Amino acid sequence: MFICYGATGAGKTYTMLGTVENPGVMVLAIEDLFAKVRERRLDGNHTVHLSYLEVYNETVRDLLSPGRPLILREDKQGIMAAGLTQYRAYSTDEVVSRYFSVAMSSREQSPWKMSSLWSSAVATPLNHPVSMLLLFSRDSFWW
Ligand SMILES: Nc1ncnc2c1ncn2[C@@H]1O[C@H](COP(=O)(O)OP(=O)(O)OP(=O)(O)O)[C@@H](O)[C@H]1O
């Protein structure tokens, strides 16, 4: 789990996303995850799913499928957002472009003037985006 915290302009977006020439922590971690899945592809058991939600004013929204706020429920595995989209992802580029399209669509709605397009993919004092990559294997999953 990564938590990126800091004042405006401290470098949160740069650290997490970086640039095309110098990718950030999040992009490198996603690349690493897909590399591991490719190494194990012959067993056919491993798949990667992306979820992306935002906690804003104490409501939880599904950023991959905007609509009504999600309800939080507690089950044996812990607290979960009921009905949260789990999008099957096949490559780093695909995951990054999903973040990009969410950043594009939420930019106008943000109460903060974003310093860059990517800024809506990381936390501001008012909104708290949470992205989750779930790696499923036949018997279990971890994130
Ligand atoms: N390590 C670094 N090397 C080069 N440039 C950097 C570095 N860290 C930050 N910057 C530059 O500093 C500026 C502010 O960084 P960034 O947008 O990442 O801040 P932030 O903490 O995400 O700000 P905000 O909360 O306002 O979105 C950007 O132009 C970014 O490219």
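- An unreviewed UniProt entry annotates the protein as Kinesin motor domain-containing protein of Brassica carinata.
- Turning to the protein, the UniProt annotation filed under Sequence similarities (unreviewed entry) states: "Belongs to the TRAFAC class myosin-kinesin ATPase superfamily. Kinesin family."

1. Re the UniProt feature "binding site: ATP" (unreviewed entry) in the protein
Then, number 1: The UniProt record marks Gly6, Ala7, Thr8, Gly9, Ala10, Gly11, Lys12 and Thr13 with the feature "binding site: ATP" (unreviewed entry), using the residue numbering of this structure.
Then, number 2: Considering the arrangement of structural elements, one finds Gly9 in the segment before helix H1 (12–17).
Then, number 3: Along the chain, Ala10 falls in the segment before H1.

2. Some details on the pattern of salt bridges
Then, number 1: Following the criterion strictly, the structure yields 2 salt bridges and no others.
Then, number 2: We note a salt bridge from Asp32 to Lys36, for which the minimum N-O separation is 3.8 Å. With Asp32 and Lys36 both in helix H2 (residues 25–39) and 4 residues apart, this pair spans about one turn of that helix.
Then, number 3: By relative accessible area, Asp32 is classed as partly exposed at 43%.
Then, number 4: Linking Arg61 and Glu54 is a salt bridge whose minimum nitrogen-to-oxygen distance equals 2.6 Å.
Then, number 5: By relative accessible area, which is 24% here, Arg61 ends up partly exposed.
Then, number 6: The class for Glu54 is buried, based on a relative accessible area of 8%.

3. So, the nonpolar core
Then, number 1: Membership of the largest hydrophobic core comes to 16 residues, with the highest contact counts inside it found for Met26, Ile30, Phe34, Tyr52, Val95 and Tyr99.
Then, number 2: Taken together, the elements giving at least two residues each to this core come down to H1, H2, strand S1 (47–56) and helix H3 (92–107).
Then, number 3: For this core, the element with the highest residue contribution is H2, accounting for 5 residues.
Then, number 4: Residues Leu53, Leu70, Leu84 and Met132 belong to the second largest nonpolar core, which totals 6 residues.

4. Let's talk about the confidence of the model for the protein
Then, number 1: Across the protein, the average pLDDT comes to 75, with 69% of residues at 70 or higher.
Then, number 2: Mean pLDDT values over the elements of the protein span from 48, in strand S7 (residues 141–142), up to 89, in strand S3 (residues 72–75).
Then, number 3: Segment residues 107–120 is flagged for pLDDT under 50; beyond a separation of four residues in sequence, or across chains, it makes 25 contacts in the model.
Then, number 4: Throughout residues 139–143 the model reports pLDDT below 50, and contacts reaching past four residues in sequence, or to other chains, amount to 11 contacts.

So, how was this worked out
- Residues numbered from 1 in each chain as written.
- Predicted model: local features only at pLDDT ≥ 70, side-chain atom pairs only at ≥ 80, totals over all residues.
- Heavy atoms only, no water.
- UniProt positions renumbered as here; feature names shortened; annotations may be inferred.
- Helix = DSSP H or I, 4+ residues; strand = E, 2+ residues; numbered from the N terminus.
- Salt bridge = Lys/Arg side-chain N within 4 Å of Asp/Glu carboxyl O.
- Buried < 20%, exposed > 50% of the residue type's maximum accessible area, 1.4 Å probe, protein only.
- Core = buried A, V, L, I, M, F, W, Y, C linked by side-chain atoms within 4.5 Å.
- pLDDT = per-residue confidence, 0-100.
- Contact = heavy atoms within 4.5 Å.

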